[in-house]
Amino acid sequence: MHKGVHGRLPARMLPSELRFFLQHRIAPEIAFSCRELDDLSTQQMLAVGRELAAAELAVTVHAPFHDLNPGALDPLVTAVTRKRIEQTLFAAGCLGARLMVVHPGFDRWRYQGQEHLWLEASASFWEPWLPQAADQNCLLALENIFDHQPDPLATLLDQLNSPWLSHCFDIGHWQLFSRTPLAEWFNRLGPHTAHLHLHDNHGDADEHLPVGAGKIDFGELFRLVQTLSKRPSMTCEALGHQDLLTSLAAVVRRLP
């Protein structure tokens, strides 16, 4: 499989799916839920990390996100989010992961007119994690979810200005929620973009279809990716073996 292209692998499915990823030489993005972090086997994660390293397959991880918010205004929500980031970074270290995707928690309907409060809380949350990310050589990547436009994320990344905090651009979420043209999004967040999440939809549900099976213009996306100073890594987030293989093949055809 093309270097820098990953496939989504939920952590709960590691025992049953790891062999498939190894056989097809697919680098995994291992997605953790809170339950899996609480039940984490350090020995299992170390063993998986060794197996993937022996196969020369890079690893990324995805932190849990349900009920969590790194930009929360409630200190109790901040505390549990901090705990989950700590657990995920530990798992990333065991696996030898070099990138960790996190949902940043911004929602314009909750913060409209008070974006500055989310920015202040987010900056305070992320700054203490940056030295550990550097020590682990694990880049943190904040993913767009409900974002209509790129400014809140871009402002946060500009403010912290760290090589260890970056942007994960999710094209499926952009299609559903953004009101910003793709070129304008890349003009604002392109310099911070280190990772892509690739999946398709028809604009009315987060379908996680294979690349090319919905309405997203992936030709425009990859033209914009080619303008970046460094090509980002990317994860295909289609569901199921066949859809994942179809998506990976569609992506690799578009890469030089």
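The structure we're discussing is the one just above.
Read on for a plain summary of the structure.

Scoring rules and cut-offs
- Residues numbered from 1 in each chain as written.
- Predicted model: local features only at pLDDT ≥ 70, side-chain atom pairs only at ≥ 80, totals over all residues.
- Heavy atoms only, no water.
- Helix = DSSP H or I, 4+ residues; strand = E, 2+ residues; numbered from the N terminus.
- Buried < 20%, exposed > 50% of the residue type's maximum accessible area, 1.4 Å probe, protein only.
- Contact = heavy atoms within 4.5 Å.
- Polar contact = N/O pair within 3.5 Å; in protein donor to acceptor, adjacent residues only side chain to side chain.
- Pairing = 2+ DSSP bridges.
- Axes fitted to C-alpha atoms, helices over the stretch in contact; angles between N-to-C directions.

### Looking at the environment of P104
- Topologically, P104 is positioned in the loop between strand 4 (99–102) and helix 5 (108–111).
- Looking at P104, the relative accessible area reads 1%, which means it is buried.
- Sequence separation between P104 and L68 is 36 residues; the distance between their C-alpha atoms is 8.9 Å.
- Those residues within four positions of P104 in sequence are excluded, and the remaining contacts are N69, P70, G71, W118, L142, E143, I145 and L153.

### Remarks on the side chain of D147
- Mapping D147 onto the fold places it in the loop between strand 5 (139–143) and helix 8 (151–160).
- At 2.8 Å, the side chain of D147 and the backbone nitrogen of I145 are in polar contact.
- Here D147 is in contact with F106, L153, F177, S178 and W185, once residues within four sequence places are set aside.

### A few points about the environment of G113
- Residue position: G113 is located in the loop between helix 5 and helix 6 (115–126).
- Take G113: its relative accessible area is 60%, and that puts it in the exposed class.
- Between the C-alpha atoms of G113 and D204, which are 91 residues apart in sequence, the distance is 27 Å.

### Concerning unusual backbone geometry
- Here the phi dihedral of E56 falls at roughly 60°; this positive angle occurs in a residue that is not glycine.
- Summarising the element assignment, E56 is placed in the loop between helix 3 (42–54) and strand 3 (60–62).
- Here E56 falls in the exposed class, since its relative accessible area comes to 69%.
- The phi angle at D67 is positive, at roughly 70°, despite the residue not being glycine.

### Re the sheet that holds strand 3
- Here eight strands make up a closed barrel; going around it, the order is 1-2-3-4-5-6-7-8 and the pairing parallel. Neighbouring strand axes in the sheet, compared pairwise and without regard to direction, differ in orientation by 30° on average.
- Pairing of strand 3 with strand 4, which is carried by three bridges, proceeds in the parallel orientation. Residue pairing across strands places H62 opposite V101, the latter belonging to strand 4.
- Where helix 1 (residues 14–23) meets the sheet, its contacts fall on strand 1 (5–10) and strand 2 (27–31), and the angle it forms with strand 1 comes to roughly 160°.

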